[in-house]
Amino acid sequence: MLLLLHLLGQVAAAERCPSSCPATCPPKPPTCAPGVRAVLDDCSCCLVCARQRGESCSVLLPCEESRGLFCDRRADPSAQTGICMAVEGDNCVFDGVIYQSGETFQPSCKYQCACQDGQVGCVPRCEEDLLLPQPDCPAPRKVKVPGECCEKWICDTKETGTLGGLQTLPAYRPEATLGVAVSDSSINCIEQTTEWSACSKSCGMGFSTRVTNRNPHCEMVKQTRLCMVRPCDQEHRQPTDKKGKKCLRSIKSLKAIHLQFENCTSLHTYKPRFCGICSDGRCCTPHNTKTIQVEFQCSPGQILKKPVMVIGTCTCHNNCPHSNSSFL
């Protein structure tokens, strides 16, 4: 029943949207509380901090759907605002405490966690940046600072272990294990994965990166994937969608093509989806993506397997990356 109300709320969102978006959106994405995502409002106007369970909501202030929340307007269906409620789901048990689906909590000062349908996910409250070894700092490491929760980087003259040239950072700490044995990293590890960064190029093949500890050693490593927002010959085309449309959100390749990067060509053909363009100053960028493994042939007999971004949906907005007109 709640799921049906949630779907009906999405369908009705268009009816509650203003006739035109606000004149200007903030030039930079909003700074949200730890663990809270910046999302595009339901009217596709601006990026806002997703509303959490128990907070007021509207089409311009949407709830965080990734946590199973929806804007409940059952008290007054004609109202413009509602309260963020959780779609029915299983509770979570974490360190002996029961949390409801959609509820957020902090097991320690370093992590913000959320319960969603029986599963607990956590994100770091401390910056999990990577400091790579340099000639003047061959072995960087983090140390505790008295009176502060988060650790700070220092340079150590004694070299420590590395993984593929990247300094590895254990993502688990004794104070965050909540009574679990430190020796068992598979249990002691709170998974942390950042969002993929924006593609390095507005057209043609580029790359994006993220940091994750999703590995058997629970160590923070940097991952890279190939990405293509749109072909370069599409950049300066005008939208040719249905009349009245100022934006063409996405375009799917009509014919199967080989993917290429540097001097390598994919062994198989694909029909990728690309982000479109706008004629009103907005830009279109990937909204939902996934990563697939693609085999490339770079020279006779040499085959490489590379992770590649696959676009599911794109969104058009005013928060253009780098304020670059080539994203329009």
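Here the structure is a predicted model, which means the values were calculated and not measured.

1. Observations regarding the overall build of the protein chain
Of the regular secondary structure elements, the protein chain holds 2 helices and 23 strands. For the protein chain, the residues scored as buried account for 38% of the 328 residues in total. Contacts in the protein chain between residues far apart in sequence, at least 24 positions, make up 47% of those at least 6 positions apart. Entry remark: accessible area of the protein chain is about 19000 Å², with carbon and sulfur atoms responsible for 53%.

2. Focus on the pattern of salt bridges
For the structure on display, the rule yields 2 salt bridges. For the salt bridge of Arg51 with Glu55, the shortest nitrogen-to-oxygen distance reads 3.9 Å. Relative accessible area serves as the criterion here: at 23%, Arg51 is assigned to the partly exposed category. Of the residues examined, Glu55 reaches a relative accessible area of 32% and is grouped as partly exposed.

3. A short note on the packing of aromatic side chains
Applying the stated criterion across every chain yields a total of 3 aromatic pairs. With a centroid separation of 5.5 Å and an interplanar angle of 50°, the aromatic rings of Phe94 and Phe105 are classed as tilted. On the criterion of sequence distance, the pair formed by Phe94 in strand β6 (residues 92-94) and Phe105 in strand β8 (residues 104-108) is long-range, its members being 11 residues apart. Phe105 sits in the buried class, given a relative accessible area of 7%. Both rings, one in Phe261 and one in Phe296, keep their centres 4.9 Å apart while their planes meet at 85°; by these two values the pair is edge-to-face. Here the residue Phe261 occupies a position in strand β19 (residues 257-261), and Phe296 occupies one in strand β22 (residues 283-299), the gap between them amounting to 35 residues. Each member of the pair, Phe261 as well as Phe296, is classed as buried.

4. Some thoughts on the sheet that holds strand β9 (residues 111-116)
Ordered in space as β8-β9-β10, the 3 strands form an open sheet in which the pairing is antiparallel. Looking along the sheet, the strands with just one partner apiece sit at the ends: β8 and β10 (119-124). Strand-to-strand twist across the sheet, computed as the mean angle between neighbouring axes with direction ignored, equals 35°.

5. Considering unusual backbone geometry
At Ser44, a residue that is not glycine, the phi angle is positive and equals roughly 55°. Structurally, the position occupied by Ser44 is in the loop between β1 (38-40) and β2 (47-49). Even without being glycine, Asp95 reaches a positive phi, approximately 55°. Summarising the element assignment, Asp95 is placed in the loop between β6 and β7 (97-99).

6. What about the sheet that holds strand β4 (residues 69-72)?
Here we have 3 strands laid out as an open sheet, ordered β3-β5-β4, and antiparallel in their pairing. Each of the sheet's edge strands pairs with one partner strand only, and the pair in question is β3 (56-57) and β4. Sheet topology note: the β4/strand β5 (residues 82-86) ladder contains 4 bridges and is antiparallel. For Leu69, the partnering residue across the bridge sits in β5 and is Ala86.

7. Some thoughts on the pairing of strand β17 (residues 219-227)
Relative to β17, strand β16 (residues 206-212) runs antiparallel, the two sharing 7 bridges. Bridge assignment links Phe207 to a residue of β17, and that residue is Leu226.

8. Observations regarding the state of the cysteines
Scanning the entire structure with this criterion turns up 12 disulfides. Residue Cys25 pairs covalently with Cys46 via a disulfide, S to S 1.8 Å. Every disulfide takes its handedness from the sign of the S-S torsion; for Cys25 and Cys46 that torsion is -70°, giving left-handed. One end of the pair, Cys25, is in the loop between α1 (2-16) and β1; the other, Cys46, is in the loop between β1 and β2, with 21 residues separating them in the sequence. For Cys46, a relative accessible area of 7% translates into the label buried. A sulfur-sulfur separation of 2.1 Å characterises the disulfide bridge that pairs Cys199 with Cys227. Looking along the S-S bond of the Cys199-Cys227 disulfide, the torsion reads about 95°, which is the right-handed sense.

9. Quick word on the pairing of strand β23 (residues 302-317)
Taken together, the 15 bridges between β22 and β23 define a ladder with antiparallel strand orientation. Each residue of the ladder has a partner; that of Phe296, found in β23, is Leu304. Hairpin connection between β22 and β23: a loop of 2 residues separates the two successive antiparallel strands, and Gly301 in this loop has a positive phi of roughly 85°.

Cut-offs and rules
- Residues numbered from 1 in each chain as written.
- Predicted model: local features only at pLDDT ≥ 70, side-chain atom pairs only at ≥ 80, totals over all residues.
- Heavy atoms only, no water.
- Helix = DSSP H or I, 4+ residues; strand = E, 2+ residues; numbered from the N terminus.
- Buried < 20%, exposed > 50% of the residue type's maximum accessible area, 1.4 Å probe, protein only.
- Contact = heavy atoms within 4.5 Å.
- Areas by Shrake-Rupley, 256 points an atom, 1.4 Å probe, with all protein chains shown as cover.
- Salt bridge = Lys/Arg side-chain N within 4 Å of Asp/Glu carboxyl O.
- Phe/Tyr/Trp six-rings, centres within 6.5 Å; stacked < 30°, edge-to-face > 60°.
- Pairing = 2+ DSSP bridges.
- Axes fitted to C-alpha atoms, helices over the stretch in contact; angles between N-to-C directions.
- Disulfide = S-S within 2.5 Å.

Take it as geometry only, folks, not as evidence of what the structure does.
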